[in-house]
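Structural description and commentary
What follows is the residue order along each chain.
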Amino acid sequence: MKFKVIFLFIALIAIFFSCQPNSEKKSSKRPNIVFIMSDDHAYKAISAYDDELIKTPHIDRIAKEGMLFTNASVTNSICAPSRAVILTGKHSHINGKIDNRSPFDTTNVTFPQLLKKAGYETAMFGKLHFGNNPKGFNEFKILPGQGDYYNPKFLTSEGDTTITGYVTDIITDLTLDWMEKRRDTTKPFLLMYLHKAPHRMWMPAERHYKQFTKKTYPLPETLFDDYASRGEASRTAEMAIFKHMLLQYDLKVPKSILDDLGIKEHLGAGGVNTLNETQKARWDKVYDPIAKEFKTNYPSFSDSTLTVWKYQRYLQDYLGTIAGVDENVGRLLDYLDEEKLSENTIVVYTSDQGFYLGEHGWFDKRFMYEESFKTPLLIKWPNVITPGTTEDEMVQNLDFAQTFLEVAGIIPPEDMQGESLVPLLKNEREKWDRDAVYYHYYEYPAEHAVKRHYGIATKEFKLMHFYYDVDEWELYDRENDPNEVNNVYADPNYAQVVNELKQKLKGLRIKYQDSDELSNQYIQIYKDNGWIE
């Protein structure tokens, strides 16, 4: 009997200690990473930031369960360069992808390559925007270039395929199919889930265009901005809703009606041409009456009433595409919950940059002004991030690579230029010392005619220098002028601020290895290619 008691005691001790290592192993298991990115998603079109335009309950879940960043920005507000910065953790002038024209240097080391090498299962689905064979992925299905909203073609390692349906739904279907059927469940995973929407030409799913084309939206304060205190760059940019938003390509007015009205435009129907017969019949049932009403009213439109009409049509379709993104983000979040994956998964939602929703009379992006410079960023990481946290530190898309490498226990390459967000995610703010961020835009002369410029932003101020065919500086007081309508660069009251920011900007350019000499090299590339004289 005594022997049995001793044996039982020893067995219990053995069981107890055998459980400890497993428990530690579980708690130290490398987290999965789900990186969700949309294209041109303005932060004001996420209700966690501002619920005036649209409700996005599924995207908002990430903020409710995690952290909402209110000072996240990009280094270069244009699609392909932003994605190159995210993948490499390097500014555009270092990774070489300065614009949508230049090729991506595939000798760049990307964070997915490093994660895969370290044992992560990696996959990418959706819009990459450059190249056809992204490195570092066990599986990918990506859109060629911009891709189409309806019946999109996908590039894969096994050849091309076209799938009937709506692109946002399809990208999610492909993602969940990989998660369910081909993911190696013995490994942590990196999933890059990348949406085309809400990129121009803003084609919603049928279930949403039926709903959103009936909505009316409040006008932004600066819709009729006259750029009185700004320089030539704002006045010559070709992204005004009134002048440059197209009736057929953007707002779906058929060419037959434009012909009747004597209106000529340089682009055609765009993505509407990809609709099959059934889809087109359903589309026309909703959009034809809108176009016919436009034809009736057009002769009586003034410049301002035409601007308002265009703005309303623009937001109806733009926000309709976001409704599809939000629904599908919900599908993925639900799957993670149902499969008990959420507890050990970091989920990030962001956009490749911001976008103008009528502010300053504009659509598109490119400028360092707030609406295109600032990007949405929401992150959840259960048991690490305190749910419902708001963070106002200056963070950038430059920081993702080093963040993901740190959470995976990988030492980042020394030439990466970002800062890991982990101290902020863990509420270790004393380890975060950045107080300013750097920006540089290059694609000029080009579509939308936004001039080359670079600048510095702090929480309080933003200083920009426009160069190449102008030499103009602008300064904005971000706290007292959030709409950025008053350029105070020449105001004597801000002279000291200008001097301090110029010195700080000089330091950032040295830190990030940027210079006028390098800018001139990139200008020379445009000359060599015949893009400028």
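Residues numbered from 1 in each chain as written. Predicted model: local features only at pLDDT ≥ 70, side-chain atom pairs only at ≥ 80, totals over all residues. Heavy atoms only, no water.

By the naming in an unreviewed UniProt entry, the chain is Sulfatase, taken from Maribacter algarum. Regarding the chain, the UniProt comment filed under Sequence similarities (unreviewed entry) reads as follows: "Belongs to the sulfatase family." (UniProt positions renumbered as here; feature names shortened; annotations may be inferred.)

Moving on: empty space enclosed by the protein. Overall, the coordinates contain one cavity of 30 Å³ or more when judged by the stated rule. By volume, the largest cavity is sized at about 40 Å³. Surrounding the largest cavity, F35, M37, R83, I86, L87, L128, M192 and L194 form its lining. Counting only elements with at least two residues in the lining of the largest cavity, the list comes to β1 (32-38), α3 (79-88) and β8 (189-194). Here the lining of the largest cavity takes three residues from α3, the largest share from any one element. Within the lining of the largest cavity, the residues separate by chemical class into seven nonpolar, no polar and one charged. (1 Å grid on protein atoms, 1.4 Å probe; cavity = no way out; pocket = protein on both sides within 12 Å on 5 of 7 lines; lining within 4 Å. Points joined across faces, edges and corners; volume = space filled by probe spheres on them. Helix = DSSP H or I, 4+ residues; strand = E, 2+ residues; numbered from the N terminus. Nonpolar A, V, L, I, M, F, W, Y, C, P; charged D, E, K, R; others polar.)

Turning to the domain arrangement of the chain, a few remarks are in order. What the domain assignment lists for the chain is domain 1 (38-203 + 321-430), domain 2 (208-313) and domain 3 (441-529). Of note, the centres of domain 2 and domain 3, computed from C-alpha atoms alone, are 32 Å apart. The interface of domain 2 with domain 3 comprises twelve residues on the first partner and 14 residues on the second. Its largest share of buried area at the contact with domain 3, domain 2 owes to S229, R230 and A233, together 41% of the area lost on that side. Counting across the interface, domain 2 meets domain 3 through one salt bridge. Residues K451 and E232 are paired through a salt bridge, measuring 3.9 Å at the closest nitrogen-oxygen approach. Taken together, domain 2 and domain 3 are joined by eight residue pairs in polar contact (both at pLDDT 80 or more). By residue class, the composition of the side of domain 2 that touches domain 3 is three nonpolar, four polar and five charged. (Domains from an automatic or database assignment. Contact = heavy atoms within 4.5 Å. Buried area = accessible area lost by both parts, 1.4 Å probe. Salt bridge = Lys/Arg side-chain N within 4 Å of Asp/Glu carboxyl O. Polar contact = N/O pair within 3.5 Å; in protein donor to acceptor, adjacent residues only side chain to side chain.)

What follows is about the side chain of S38. As for its position among the elements, S38 is in strand β1. A polar side-chain atom of S38 sits 2.8 Å from a polar atom in the side chain of Y349. Apart from the residues lying within four places of it in its own chain, the contact partners of S38 are R83, H195, A197, P198, Y349, T350, S351 and D352.

This next bit is on the sheet that holds strand β16 (residues 472-477). With respect to topology, four strands assemble into an open sheet ordered β13-β14-β15-β16, the strand pairing being antiparallel. One side of each edge strand has no neighbouring strand; the edge strands of this open sheet are β13 (437-441) and β16. Put simply, the sheet's adjacent strands are angled 15° from each other on average, direction ignored. With six bridges connecting them, strand β15 (residues 461-466) and β16 associate as antiparallel partners. Among the inter-strand pairings, M464 is bridged to a residue of β16, identified as E474. (Pairing = 2+ DSSP bridges. Axes fitted to C-alpha atoms, helices over the stretch in contact; angles between N-to-C directions.)

Attention now moves to the sheet that holds strand β4 (residues 121-127). The strands making up a sheet are joined through hydrogen bonds of the backbone, oriented either antiparallel or parallel. Pairing is mixed in the open sheet, where ten strands are placed in the order β7-β6-β5-β4-β8-β1-β9-β10-β2-β11. In this open sheet, the two edge strands, each paired with only one partner strand, are β7 (159-162) and β11 (389-391). Going across the sheet, the axis of each strand differs from the next one's by a mean of 15°, ignoring polarity. Examined bridge by bridge, strand β2 (residues 67-69) and β11 share three bridges and lie parallel to one another. Residue pairing in the sheet places M67 in a bridge with T389 of β11.

Take the nonpolar core next. Core analysis: the biggest nonpolar cluster contains 78 residues, and Y314, Y318 and L319 have the highest contact counts within it. Sort the elements by how many residues they give to this core and helix α12 (residues 303-338) lands first, with 15 residues. The residues that make up this core include at least three from each of domain 1 (38-203 + 321-430) and domain 2 (208-313). One finds F104, L128, I379 and L424 within the second-largest nonpolar core, a separate group that totals 45 residues. (Core = buried A, V, L, I, M, F, W, Y, C linked by side-chain atoms within 4.5 Å. Buried < 20%, exposed > 50% of the residue type's maximum accessible area, 1.4 Å probe, protein only.)

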